[in-house]
Amino acid sequence: MYGNLVVRPEDIENWGKKVEQEDPEKLVEFEARIERGEKIEPWDWMPFEYRRQLIRMIEQHAHSEIIGALPEGTWITRAPNFRRKLALMAKVQDEVGHAQLLYSAAETLGKTREQMINDLLSGKSKYSNIFNYPAKTWADTAIIAWLVDAGAIINQTTNSRGSYGPYVRALERICWEESFHLKYGYDSVVYLATGTPRQRAMLQDALNRWWRPIMHFFGPPDTQSVHTEKLVRWKVKLATNDEMRQQFLDMYVPKIWELGLTIPDPNLRKNPETGRWEYSDPDWDEFWRVINGDGPCNKERLAVRRFAEEKGRWVREALRSPQAQYVTPLA
Amino acid sequence: MASLDPRIQRAEPELWQTPNTTLGPLEHWTTYEVFLQKTRGSHAQHVGSLHAPDPEIALILAKEQYTRRSSCVSLWVVPTVCILKTTTEEEGMFQPAVDKTYREPQGYLNTRERLEKYRHRIPSSSC
C-alpha cells in the first residue's frame with residue numbers, strides 16, 4: 001500500500017544541474033528507448049536523476065508496505081472470528097512480502113537494503129503518511145483494507161506502466177495480491193454496514209477518522225506540487241496526484257454512499273459541468289506536520305521497526321557466513 | 001499515546017528504550033536470484049531476488065516470497081554472484097547484422113514456385 005511520490009522543490013533544483021552534466025548522446029538513446037515503450041533494466045545506462053528519483057520512490061514504497069502492516073496488525077489478536085483472523089494475518093503477511101519485493105527492486109539501483117533500513121529508522125526516508133494514524137477499532141481495519149488498499153491499487157496500477165523493469169515486475173505481482181485485499185476489505189465493510197446499529201455506528205466512526213488521511217493519500221494537490229515534466233517523460237511518474245485522487249473518488253464515493261454511509265465532508269460533490277469532484281480543503285498543513293514526524297503514531301511505528309531490527313540481530317548474526325560478500329541483485 | 005496493539009504493549013517499556021540502531025554492511029546477508037517453474041514441462045523463469053544467509057534458507061524464503069498464491073512445481077535459487085550476463089552494449093550482437101534468412105524457415109518460401117515453374121525439366125517418372 002502506498003501513496004504517491006512527493007516531489008519537493010529542492011529535488012528539482014538539484015536535478016536541473018545534474019541532467020546538464022549527463023552524456024548527451026546516452027541521454028538521447030535512453031529517452032528514445034522509453035519513448036518506444038521499452039523498459040530500462042538495472043544494467044542499462046541511466047541519468048543520475050532517474051536513478052535517484054526511482055530509488056527514493058521504490059524505497060518509500062517498500063517502507064510503506066512494511067510500516068503499513070502495523071496499523072492493521074493491531075487487531076490480529078482481537079479479530080472477531082477465526083476466518084477473519086486468518087484473512088487479516090494473510091493480508092499483513094502479504095504487505096511484509098511486498099516490502100521484500102520492493103526493497104529488492106530498489107536495491108538493483110545501487111542502494112543496499114541495510115542503507116535503506118538505516119534511513120527509515122533515522123527518519124531520513126519517508127513512508128506513506130496514512131500509516132501514522134491509529135486503527136482504533138476493528139472497523140478501522142475494514143476501512144483500511146477496503147479504501148486505503150483501493151487507493152494503493154490505483155497508485156500501483158498507474159506506476160506499473162512505468163519504465164523501470166524491476167519495479168514494474170514487482171508491482172505486477174503486488175497488484176495481483178492486492179486484489180484479494182480489496183475484496184476482503186469490501187466484504188468486511190459490507191458485513192458491518194449490514195449488521196447491528198452498533199456495528200454500523202462503529203463503521204461510520206472509522207470512516208470519519210480515516211477520510212482525511214485518505215484524501216491526503218495521493219499527496220498534495222497539483223497546485224502545491226512541483227511540475228514534474230521530466231519525471232513524466234521518463235515514465236517515473238505516470239499520473240498527477242489530483243488525477244489519481246479524482247479517479248479514486250469516481251470509483252469509491254458511489255460505493256460508500258451505496259452502503260448508506262456519510263462521508264464527513266459537506267462540500268464533497270461532483271461538479272456536473274467540469275466532471276470533477278470538489279471537496280473541502282483536507283488540511284494540508286496537517287499532512288506536512290505528520291509527514292515531518294508529528295503524527296499520532298510516528299514514534300510508535302519507528303520504535304517497533306527499531307525494536308524488531310535490534311531484537312533480530314543475534315539471529316541474523318548467528319546465520320551469517322563469514323565468506324559472504326555483497327553483490328547488487330541482478331534484477 | 002499508549003499503543004492500541006496488545007503485542008506492542010507487551011514489549012513496552014523495553015520497546016521505547018531501544019537505542020537507535022544502525023545496520024552494518026551484510027547484516028541482511030547476501031543476495032540470491034530466484035527461478036520458478038510454473039508447471040511440469042515449462043521453463044524455469046527468473047522471478048526476482050532475495051536476501052539469505054545460505055542457499056537452504058534462500059529456498060525457504062523464496063517459497064514465502066515468490067509462491068504465495070501461485071502454483072509452482074519447482075523453485076531454484078542461485079547466488080547472484082554466480083551469474084554472468086551480457087551487457088547493454090552487447091545487446092547488438094543478438095540482432096542479425098546481415099541477411100541470415102538462409103538459416104530460417106522463412107528463407108525457403110519459394111521452393112514450391114520453382115518446382116511448378118521448372119517441372120518440365122524433370123524427366124517423367126518411369127513408375
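Residue positions are counted from 1 within each chain, in the order its sequence is given. Whichever chain is written first is A, and whichever ligand is written first is 1; the rest continue in order. A pLDDT threshold of at least 70 governs which residues receive local features in this predicted model, and a stricter bar of 80 or more applies before side-chain atom pairs are shown or counted, although totals over entire chains, interfaces and linings include all residues.

Draft legend 1. Broad picture of the interface of chain B and chain A. Contact between residues is assigned whenever the C-beta positions, reconstructed from backbone atoms, fall within 7 Å. Contacts between the two partners involve 42 residues from chain B and, on the opposite side, 43 residues from chain A. We count a stretch as a helix when DSSP gives it H or I for four or more residues in a row; a strand needs E for two or more, and each element gets its number in order from the N terminus. Examining the composition of the side of chain B that touches chain A, we find that 5 residues originate from one element, strand β2 (residues 44-52) of chain B, more than from any other. Ten residues, namely Ala, Val, Leu, Ile, Met, Phe, Trp, Tyr, Cys and Pro, are considered nonpolar, four, namely Asp, Glu, Lys and Arg, are considered charged, and the remaining ones, Gly among them, are considered polar. Residues of the side of chain B that touches chain A, tallied by class, amount to 16 nonpolar, 17 polar and 9 charged.

Draft legend 2. Molecular detail of the environment of A:G37. Within the secondary structure layout, A:G37 lies in the loop between α2 (24-35) and α3 (48-73). C-alpha separation for the pair A:G37 and A:G162, spaced 125 residues apart in sequence, amounts to 9.3 Å.

Draft legend 3. Representation of unusual backbone geometry within the structure. Cis geometry is found at the peptide bond from B:E12 to B:P13, where omega equals 0 degrees. Here B:P13 shows up in the loop between α1 (6-11) and α2 (14-17). Phi is positive for A:D283, close to 65 degrees, though the residue is something other than glycine. Relative to the helices and strands, A:D283 is located in the loop between β2 (277-278) and α11 (284-291).

Draft legend 4. Spatial organisation of the packing of α3(A) against helix α4 (residues 82-107) of chain A. Residue and element names in this part refer to chain A. For helices, the axis comes from a line fit to the C-alpha atoms of the stretch in contact; other axes are also lines fit to C-alpha atoms, and the angle between any two N-to-C directions lies between 0 and 180 degrees. Their axes nearest at 8 Å, the elements α3 and α4 cross at an angle of 165 degrees. The angle between α3 and α4 places the two elements in the roughly antiparallel class. As for the relative orientation of α3 and α4, their crossing is left-handed in sense. Within the contact between the two elements, α3 uses I55, I58, E59, H61, A62, E65, I66, G68, A69, E72 and G73 and α4 uses L88, K91, V92, E95, V96, H98, A99, L102, Y103, A105 and A106. Here the residues of the contact of α3 with α4 are counted per class, giving 13 nonpolar, 4 polar and 5 charged. Throughout this description, any angle smaller than 35 degrees is read as roughly parallel, any larger than 145 degrees as roughly antiparallel, any in the 65 to 115 degree range as roughly perpendicular, and the remainder as oblique. Left-handed describes a crossing in which the near helix is turned anticlockwise from the far one by less than a right angle; the clockwise case is right-handed.

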